Amino acid sequence: MDTVHDIGGRQGFGPVRWQNDHDEKAFHEEWQARAWAMCMCMFAGWRGNPKVWTLDWFRHVRERIDPIDYLTRNYYDQWVQSLAAILIDNGTIRLEELLPGSAAIEDESTRKSGSTAEKSLTESNEFAGGEPAFSVGQKVRTKISIAALHTRLPAYVRGRVGVIESYHGYQPLADASARGVIKPESLYTIAFAATDLWPEAQADRERVFIDAWESYLEPA
Amino acid sequence: MASYDSDKVAHIHEELHSHLPSEPALRVKALESLLVERGLLKTDAVDKWLDNFAEKIGPKNGARVIAKSWIDPEFESTLRHDAMQAFSALGALGLAKGGHYWLKAVFNSDTVHNLVVCTLCSCYPVALIGMSPLWYKSNEYRARAVRDPRGVLEEFGVKLNEHVEVRVWDSTSERRYIVVPQRPAGTEGWSEDQLAGLVTRNSMIGTHRDLRQGDGVA
């Protein structure tokens, strides 16, 4: 899905801010540290259980934040809202329980109705196996259209020709993981000459590398 | 059970935006309190996590590994070919201990400068070298690093000669990248600890190139 998160190469952004942010200072305010740690604690409990959570689902949930909020609200604030959205979606909590003055009383009827809304995952986990379709040094073109809701093929490389720099074996395809489906697929690193990506780039000065799953690629 | 329903969570986001207090600290507190009350999070879980994190994780893990690679060619080769093995050998795995983790070390040279970014979110080797700096997660850096890396580097005070190739690594899978900066001249005979003291967090991301005494994290 082409939401605003996919900002690589977007123009008009100014200088990088906070670049002198001190090395030892991971968080600027206590709530940010707590927000991050709370998410990490919850993720740790869910890891390896795609019926409940995958990291790519979390990434996609953050991608669905309102575009203006996505660009303007604090990073950790976005994490907390995404965690809350995940917990509401899976029926663990209700929005009302987060409101000021809420008694946060367990409401059995609501929790049950939440569970009836659960959608069973009809897709089974898939593993195609087989040899990688591309070899190191081969030219490939990335696909122009990606139908998945969540994908890790950035817009700025779509339809462009690059070279397979390395092969990494099978890794769960992010596009499927974001739907709760674990589908291992060949993963490669692709090198693009900056001149094949940007009209203003000068020859032989820069290359951009991305990791890409096999289904993102076709022979060039 | 997760619905994996994209539009449903977009709607939940709208509701959360409309109804929750605008002060983020209050939102965090409300969610943490609720999760503790529900028994989904132990009372001290967040504090313990942060203590553990502060104790075991940080840029020093990376600085130690890089310093050793400067004085031990065999270790450098390990770092180049299997970075996790190099971190493991120094007991610097941090939170990646025991878990599946994937790191690639990319080496600077006289003719190559590496820069790491995550244009799609904020992927970073947190488990090994700690939380990423704020600027790494900023829209400005994410948008510009892949398109105008030299311009971004200049803002960080890094001026590259024309003949130096910039390699930008966009972290689009679960692989993570760490930049291995060059050992500065004039450090012959330095101990591993002294050398580690030169390595900065920004140099491991690629926004710092020429290391100097007094800059480092170790």
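The shown structure was predicted, so the numbers you read here are calculated from the model rather than taken from an experiment. (Residues numbered from 1 in each chain as written. Chains lettered and ligands numbered in written order. Predicted model: local features only at pLDDT ≥ 70, side-chain atom pairs only at ≥ 80, totals over all residues. Heavy atoms only, no water.)

As far as domains go, chain B holds domain 1 (6–43) and domain 2 (59–205). Computed from C-alpha atoms alone, the centre-to-centre distance between domain 1 of chain B and domain 2 of chain B is 35 Å. (Domains from an automatic or database assignment.)

Our focus in this paragraph is helix H3 (residues 45–56) of chain B. Three- or four-residue spacings in an α-helix give side chains the same orientation, since the helix completes a turn every 3.6 residues. Residues and elements named next belong to chain B. With twelve residues, H3 extends 16 Å from end C-alpha to end C-alpha; this agrees with the ideal 16 Å at 1.5 Å per step. Taken together, the buried positions of H3 are Ala-45, Val-46, Trp-49, Leu-50 and Phe-53. An end-on view of H3 places all buried positions within 130° of arc, on one side of the element. Every exposed residue of H3 that faces more than 90 degrees away from the buried side is listed here: Lys-48, Asp-51, Ala-54 and Glu-55. (Helix = DSSP H or I, 4+ residues; strand = E, 2+ residues; numbered from the N terminus. Expected span 1.5 Å × (residues − 1). Buried < 20%, exposed > 50% of the residue type's maximum accessible area, 1.4 Å probe, protein only. Arc of directions from axis to C-beta.)

Secondary-structure assignment places His-19 of chain B in helix H1 (residues 6–19). As a C-alpha pair, His-19 of chain B and Leu-153 of chain B span 134 residues in sequence and 41 Å in three-dimensional space. Apart from the residues lying within four places of it in its own chain, the contact partners of His-19 of chain B are Leu-95 and Leu-99 of chain A. (Contact = heavy atoms within 4.5 Å.)

All names here are of chain A. Of the two faces of strand E1 (residues 139–142), only one is covered, namely that formed by Val-140 and Thr-142; the face formed by Lys-139 and Arg-141 stays uncovered. Taken together, the three bridges between E1 and strand E2 (residues 161–172) define a ladder with antiparallel strand orientation. In the sheet register, Arg-141 faces E2, and the bridge partner there is Val-161. In the sheet, E1 pairs with strand E5 (residues 217–219) via three bridges, with the strands oriented antiparallel. Each residue of the ladder has a partner; that of Arg-141, found in E5, is Glu-218. (Pairing = 2+ DSSP bridges.)

Both the distance between ring centres and the angle between the ring planes are used here to describe each pair of aromatic rings. Enumeration according to the criterion identifies 23 aromatic pairs over all chains in this entry. Plain terms: the ring middles of Tyr-167 of chain A and Tyr-188 of chain A are 5.2 Å apart, the flat faces sit at 50° to each other, and that makes the pair tilted. With Tyr-167 of chain A in strand E2 and Tyr-188 of chain A in strand E3 (residues 184–193), the pair connects residues that are 21 residues apart, well separated along the chain. For Lys-68 of chain B, the ring lying beneath its charged end belongs to Phe-75 of chain B, and the centroid distance is 5.5 Å. Taking NZ or CZ as reference, Arg-80 of chain B lies 3.9 Å from the ring centre of Phe-107 of chain B, over its face. (Phe/Tyr/Trp six-rings, centres within 6.5 Å; stacked < 30°, edge-to-face > 60°. Lys NZ or Arg CZ within 6 Å of the ring centre and 35° of its normal.)

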